[in-house]
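Examination of the molecular architecture
Residue strings, one per chain:
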Protein chains: 2
Amino acid sequence: MADKQMQNLNKNERIVQLLSDQKAKLFRREYLDLHIHEQAQLFSDLDGTLRSRVYRYLSAEEVGDMFDGIEEEPEDVVRYFKEMPVSYAAAVIDEMYTDNAVDILAYAQNKDLTHYLLALPAERSAEIRELLHYEDKTAGALMTTEYVDIYADQDISSAIQDIRSEAADAELIYYAYVVSSDNELIGVVTLRDLLTNAENTAIADIMTNPVISVPVDEDQAEVAQKVRDYNFVAVPVVDYANKLVGIINVDDIIDVIDEENAGEYSGLAGVDTEETPENPFQASLKRLPWLLILLLMGMSTTSLIDRYEALISQASILAVFVSLITGTAGNAGTQSLAVAIRGLSNSEEDRRSGLRMLVNELLTGLIAGVVTGSAIFLLVGIWKSNFVLGFVIGISMATAITVATIAGNVIPLVMDKIGVDPAVASGPFISTLSDLTSVLIYFNIAHQFLNFFVNH
Amino acid sequence: MADKQMQNLNKNERIVQLLSDQKAKLFRREYLDLHIHEQAQLFSDLDGTLRSRVYRYLSAEEVGDMFDGIEEEPEDVVRYFKEMPVSYAAAVIDEMYTDNAVDILAYAQNKDLTHYLLALPAERSAEIRELLHYEDKTAGALMTTEYVDIYADQDISSAIQDIRSEAADAELIYYAYVVSSDNELIGVVTLRDLLTNAENTAIADIMTNPVISVPVDEDQAEVAQKVRDYNFVAVPVVDYANKLVGIINVDDIIDVIDEENAGEYSGLAGVDTEETPENPFQASLKRLPWLLILLLMGMSTTSLIDRYEALISQASILAVFVSLITGTAGNAGTQSLAVAIRGLSNSEEDRRSGLRMLVNELLTGLIAGVVTGSAIFLLVGIWKSNFVLGFVIGISMATAITVATIAGNVIPLVMDKIGVDPAVASGPFISTLSDLTSVLIYFNIAHQFLNFFVNH
């Protein structure tokens, strides 16, 4: 492995050198020999001068193929188009798979977009224009229009003929979708079906029907779940009248899964983890907004504790346990939140009725609270030889854990209901809420038992 | 959507009813008409009596196909085998794709496994035995041996003939791997290549070479990254001598991605989020271990604060800010940790040299610390009309944030180096460490300025 990576590294350096030395022919030979993913990686590391040389040495078709393999964010890739002559950029776009091109063009400035669309063949331009309309993070925004469609009354040999002629353009040819004369999706055949049956078999006899499909406005997370469940390599997309409008390929589904997971993960951590830690200023700029928001939210807890300062000055031992109680309740809240968010992102059928879930979570919180509270009662009681203090800490912690567990479960559900993505901000929100209630619970209970632990 | 789900629900209930009524023929017709994923879902919801009826009504081949679509954990599926006669179980295993069968058999008791292997055809038994040897979470454990291999000196029409004859058994037929006479992997052709070239073309002329492959002992996360990068539908697996030993399909890669993401996410939250919240006792049992461990770790911070109780009783205002400082530093540590863990799970090439990363993270922490510290200096200074107190809180917070940021970055790297998965436990570990250092920093700085805020 390491050896091979080393070889690749040297090879890449050599190719860049060829480009620097303006050896167009040698560069072309070595560069085009790479897999498009490797071509794209190498391209992403070039500076502006070398990039513009690439545009001169490679045809728009070659650059278009390479752009299909690029891993950079679309908002970065769109800048490359601006470095090219418009006609060249349009030719690159023309060569790319439509879904990839549209992802990038969604970030183009209107003026540039108009230029590209005018320079493209009319049909292609219309296709892109239409795909640009679909809302982000829906099936429509993910799909490509390059698929193979056939008719039920064809036989296998004629279907294979059709696939053969479309194979060069279609992004995926392993499924052929069977449509009616008005383009309604009525079946699907796999290349496997076509190869394992006699050539004169009618498509109607071997097609799978009904077809699992997704509506064009389906949320991308639901689309990903379907592809996961059915182990598909692609899923067809239909409009409200069940007309076939596109397909979504598994590689784009993997991107969706990564995106959704990164969202949940970032939400829990209060930072965008897709950050590329290029330089410390950018990195801290990405982290500071959340850090400052959390600081302000934390100030609410601090000002609540402040109201009990008189109590603390009478019994300073109370101050020792504040962090432990808020911390443990916060942990319980985070656990409950994490389970709830994963639950929301699972398929619909897993969602239970609200009330039953609430009761379940209340009981879960109570059990966790009582066990943890008992543990700390013993620990503190023995440590401080003061079981009244142990009792106050224990009962406060049990109550705080129960409340935090329920909050961690209910708040994301409520956010989901009112249309806010619970993955984004509920982590810090739960912690603050849990801190506030924990402090309130703790000091109020402690106040009842004040005589037992005033400073001596 | 909702309508369709309702229809499915009714359909499923009807099928279960047919099974209860012992209407074998009608049951077979309706059940086998479902997609295997739906068959498996329905099967998973049956009780033992109805399951044993399924084994009677369906052939082992039909059950084997359905088991290929099952979503349950392999340790649960293996129990179904025990409900069947051994010869039937062996026939089910024989029908399943090898990788799926092996996943499940890895959880069989040795005695049962021996029975199944004896009842299987010798070749099949040897295949499964071999795959069972591969270490969990490596390419070998994920791969299947059902692939299509061809030779470089064949022409396209003979290759298609081979694919046709293997199509029924092979799990994936969209790639055909080109091997030498001693099974060395030397190239790959896609079905697309085969369909878009003339029938008499030699495979050697159209095959892609070199082939991207993974070693059989490669970590599953690295395999997933490769499939992601190259947008593959499958990736070939080779042994140390570059002999082709299997392929890994994209659906198994999606499972790996989900598993790895769930691991990272669960690690951050301190709970296994794959928990199915069936009942509150199980749910709390899953959460309590971490909660109690975190409680014990929190006790270390508490006992540290306890050592400053005398200081607190002199200046109770200090107690008010403990949570804010530990909390904010903890947030900074979690951010830094989350970024580091995501970084580790990205491809090798993104990993930077240790020292450079450390300096970067130190600067990031310093910037975040100074900005946040200045903010709290002003906030507290104005709120309490005491800028000395503000200064103490501000400087403590800035220091604590810097330390926590570095710890959040360095600790997972160290864990990774010594072979511990940093995703599992570093979240809580960082928080505790950050709490301890924050308390230490805060009270030591505060002690220097004690005269400015003793209780009046």
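Okay, so let's go over this structure. (Residues numbered from 1 in each chain as written. Chains lettered and ligands numbered in written order. Predicted model: local features only at pLDDT ≥ 70, side-chain atom pairs only at ≥ 80, totals over all residues. Heavy atoms only, no water.)

Before going further, it helps to spend a moment on the interface of chain A and chain B. Contact with chain A, which involves 119 residues of that partner, is made by 118 residues of chain B. Summed over both sides, the interface between chain A and chain B buries roughly 10000 Å², with carbon and sulfur atoms accounting for 62% of that surface. On the chain A side of the contact with chain B, A:Arg192, A:Tyr265 and A:Gln335 bury the most area, a combined 8% of that side's loss. Linking chain A with chain B are six salt bridges. (Contact = heavy atoms within 4.5 Å. Buried area = accessible area lost by both parts, 1.4 Å probe. Salt bridge = Lys/Arg side-chain N within 4 Å of Asp/Glu carboxyl O.)

What follows covers the relation of the copies chain A and chain B. Two chain copies, one operation linking them: a rotation about an axis together with a shift along it. Least-squares fitting of chain A to chain B yields an RMSD of 0.2 Å, with the superposition described by an axial translation of 0.1 Å and a rotation of 180°. Here the copies are linked by what is in effect a two-fold axis. When you check the interface residues of chain A against chain B, 99% turn up at the interface there too, and the contact is symmetric in its surfaces. (Least-squares fit on C-alpha atoms with pLDDT ≥ 70 in both.)

Bringing the pairing of strand S6 (residues 244-249) of chain A into the picture now. Burial analysis of S6(A) places six of its six residues in the buried class, which makes it a mostly covered element. Taking the residues that link successive antiparallel strands as the turn, the strand S5 (residues 234-238) of chain A-S6(A) hairpin has five residues, and the phi of A:Asn242 there is positive, at about 65°. (Buried < 20%, exposed > 50% of the residue type's maximum accessible area, 1.4 Å probe, protein only. Helix = DSSP H or I, 4+ residues; strand = E, 2+ residues; numbered from the N terminus. Pairing = 2+ DSSP bridges.)

Now for the nonpolar core. In terms of nonpolar packing, the biggest core is built from 190 residues, with A:Phe67, A:Phe81, B:Phe67 and B:Phe81 touching the most fellow members. Excluding anything up to four places from it in sequence, B:Phe67 contacts B:Phe43, B:Val77, B:Tyr80, B:Phe81, B:Met84, B:Val92 and B:Met96. Counting 76 residues, the second-largest nonpolar core is a separate cluster that includes A:Ile376, A:Val392, B:Leu311 and B:Ala332. (Core = buried A, V, L, I, M, F, W, Y, C linked by side-chain atoms within 4.5 Å.)

Right, let's get into the packing of aromatic side chains. The relative placement of two aromatic rings is captured by the distance of their centres and the angle of their planes. What the rule picks out here adds up to 33 aromatic pairs over all chains. Centre to centre, the rings of A:Phe81 and A:Tyr116 are 5.9 Å apart; their planes meet at 65°, and the pair counts as edge-to-face. In this pair, A:Phe81 sits in helix H6 (residues 74-83) while A:Tyr116 sits in helix H9 (residues 110-119), placing the two residues 35 residues apart along the sequence. On the accessibility criterion, A:Tyr116 (3% relative accessible area) is buried. Measuring from ring centre to ring centre gives 5.0 Å for B:Phe43 and B:Tyr80, while their planes differ by 80°; the resulting arrangement is edge-to-face. Here B:Phe43, found in helix H3 (residues 36-44), pairs with B:Tyr80, found in helix H6 (residues 74-83); they are 37 residues apart in sequence, far enough to count as distant. With a relative accessible area of 0%, B:Phe43 lands in the buried category. Accessibility expressed as a relative area gives 6% for B:Tyr80, which makes it buried. A cation sits over an aromatic face here: A:Lys384 above A:Trp383, 4.5 Å from the ring centre. (Phe/Tyr/Trp six-rings, centres within 6.5 Å; stacked < 30°, edge-to-face > 60°. Lys NZ or Arg CZ within 6 Å of the ring centre and 35° of its normal.)

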